[in-house]
Amino acid sequence: MPTRHTPESVVIADTPVAILEWAARHIEHVGIHQGPHLFAGPGRTATLPCWPRGALEVAAGHGRGAAGRTYDWDRIGRARDQAFDVLAETLTGHPVDADDPTVAKALHREVIDRWSAEPGRTATDAARVFRAAAVAAEHALF
């Protein structure tokens, strides 16, 4: 059965490549909404905006777990963090690293948020960069 790339799907990606691809399809579905319309749009969740970082979180299962299903949240969390890492590197063209993992996570999110907030950013732009990052993640040694 093919994966449904929607917030309603109970299938949760658990590799960086799958999360990035899922996020690409999701952002194509919901679009990007900026400013006061950040939580507007079809397919958005109550707690996640319709923009790239929100799409990555939705792809990694935020707010989508199904009762009665077992998920390996540790594996999914690691894959999500790796997806953020490779996406930030794809956006900047160089590694976005820090010695402290908490600082590294914050840096990755900052890079993605800045890129996402640029005026005129489109869902097509986001999907393209997600897919470029997925290709990079296929060859990454995590």
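Residues numbered from 1 in each chain as written. Predicted model: local features only at pLDDT ≥ 70, side-chain atom pairs only at ≥ 80, totals over all residues. Heavy atoms only, no water.

S.K.: Could you clarify how one ought to interpret the pattern of salt bridges in this entry?
M.R.: Opposite charge on two side chains lets them pair, provided their charged atoms get close. In the structure shown here, the tally under the stated rule is 12 salt bridges. Between Arg121 and Asp125 there is a salt bridge; the shortest N-O distance is 3.7 Å. Connected through shared salt-bridge partners, Glu21, Arg25, Glu28 and Arg131 make up one network. (Salt bridge = Lys/Arg side-chain N within 4 Å of Asp/Glu carboxyl O.)

S.K.: Would you explain the packing of helix H1 (residues 16-30) against helix H2 (residues 52-59) in this entry?
M.R.: Angle between the axes and distance between the axes: these two values describe a pair of packed helices. Here H1 crosses H2 at 120°, and the two axes come no closer than 8 Å. The angle between H1 and H2 places the two elements in the oblique class. In this structure, the crossing between H1 and H2 has a hand that is right-handed. On the side of H1, the interface is formed by Ile19, Leu20, Trp22, Ala23, His26 and Ile27, while H2 contributes Pro52, Ala55, Leu56, Val58 and Ala59. A class-by-class count of the residues in the contact of H1 with H2 yields 10 nonpolar, one polar and no charged. (Axes fitted to C-alpha atoms, helices over the stretch in contact; angles between N-to-C directions. Helix = DSSP H or I, 4+ residues; strand = E, 2+ residues; numbered from the N terminus. Parallel < 35°, antiparallel > 145°, perpendicular 65-115°, else oblique. Left-handed = near helix turned anticlockwise from the far one by under 90°. Contact = heavy atoms within 4.5 Å. Nonpolar A, V, L, I, M, F, W, Y, C, P; charged D, E, K, R; others polar.)

S.K.: Is there a simple way to explain the packing of aromatic side chains in this structure?
M.R.: Two measures describe an aromatic ring pair: the distance that separates the ring centres and the angle between the ring planes. If you walk through the whole model with that rule in mind, you get one aromatic pair. Summarising the aromatic geometry, the rings of Tyr71 and Trp73 are spaced 5.1 Å apart at their centres and angled 45° between planes, so their arrangement reads as tilted. Using a relative accessible area of 41% as the deciding quantity, one classes Trp73 as partly exposed. The residue whose ring lies beneath Arg109 is Phe84, and the NZ or CZ to ring-centre distance is 4.0 Å. Lying over the aromatic face of Trp115, Arg121 brings its terminal NZ or CZ to 3.8 Å of the ring centre. (Phe/Tyr/Trp six-rings, centres within 6.5 Å; stacked < 30°, edge-to-face > 60°. Buried < 20%, exposed > 50% of the residue type's maximum accessible area, 1.4 Å probe, protein only. Lys NZ or Arg CZ within 6 Å of the ring centre and 35° of its normal.)

S.K.: How should the nonpolar core be read in this particular structure?
M.R.: Soluble globular proteins: nonpolar side chains tend toward being buried together. Ranked by size, the top nonpolar core spans 34 residues in total, and within it Ile19, Leu20, Ile27, Leu56, Leu87 and Phe130 carry the most contacts. Broken down by element, this core gets its largest block of residues, eight residues, from helix H5 (residues 123-138). Those residues within four positions of Leu87 in sequence are excluded, and the remaining contacts are Leu20, Leu56, Ile112, Val129, Phe130 and Ala133. (Core = buried A, V, L, I, M, F, W, Y, C linked by side-chain atoms within 4.5 Å.)

S.K.: Would you mind going over the side chain of Asp125 with me for this structure?
M.R.: Note on placement: Asp125 falls in helix H5. The class of Asp125 is buried, set by a relative accessible area of 16%. When residues no more than four places from it in sequence are discounted, the contact partners of Asp125 are Trp115 and Gly120.

S.K.: I keep staring at a negative patch on the surface and nothing clicks. Help me out?
M.R.: A contiguous patch of negative charge on the surface is contributed by Glu89, Asp97, Asp99 and Asp100. Along the chain, Glu89 turns up in helix H3 (residues 73-92). (Patch = residues over 30% accessible without salt bridge, like charges linked within 9 Å, V, L, I, M, F, W, Y side chains within 5 Å. Areas by Shrake-Rupley, 256 points an atom, 1.4 Å probe, with all protein chains shown as cover. Lys, Arg positive; Asp, Glu negative; His and termini not counted. Charge placed at Lys NZ, Arg CZ, Asp CG, Glu CD.)

S.K.: Any chance you could explain H2 here in plain terms?
M.R.: Residues lying three or four places apart along an α-helix face the same way, a consequence of the helix completing one turn every 3.6 residues. Most of H2 sits inside the fold, with seven of its eight residues counted as buried. Among the residues of H2, Pro52, Gly54, Ala55, Leu56, Glu57, Val58 and Ala59 are the ones counted as buried. Packed against the buried residues of H2 are H1, H3, helix H4 (101-117) and H5. With its phi angle positive at about 95°, Gly61 sits one or two positions after the end of H2.

S.K.: Help me understand the side chain of His108 in this model?
M.R.: Mapped onto the elements, His108 comes out in helix H4. Each residue touching His108, except ones within four places of it in the same chain, is listed here: Phe84, Asp85, Ala88 and Val96.

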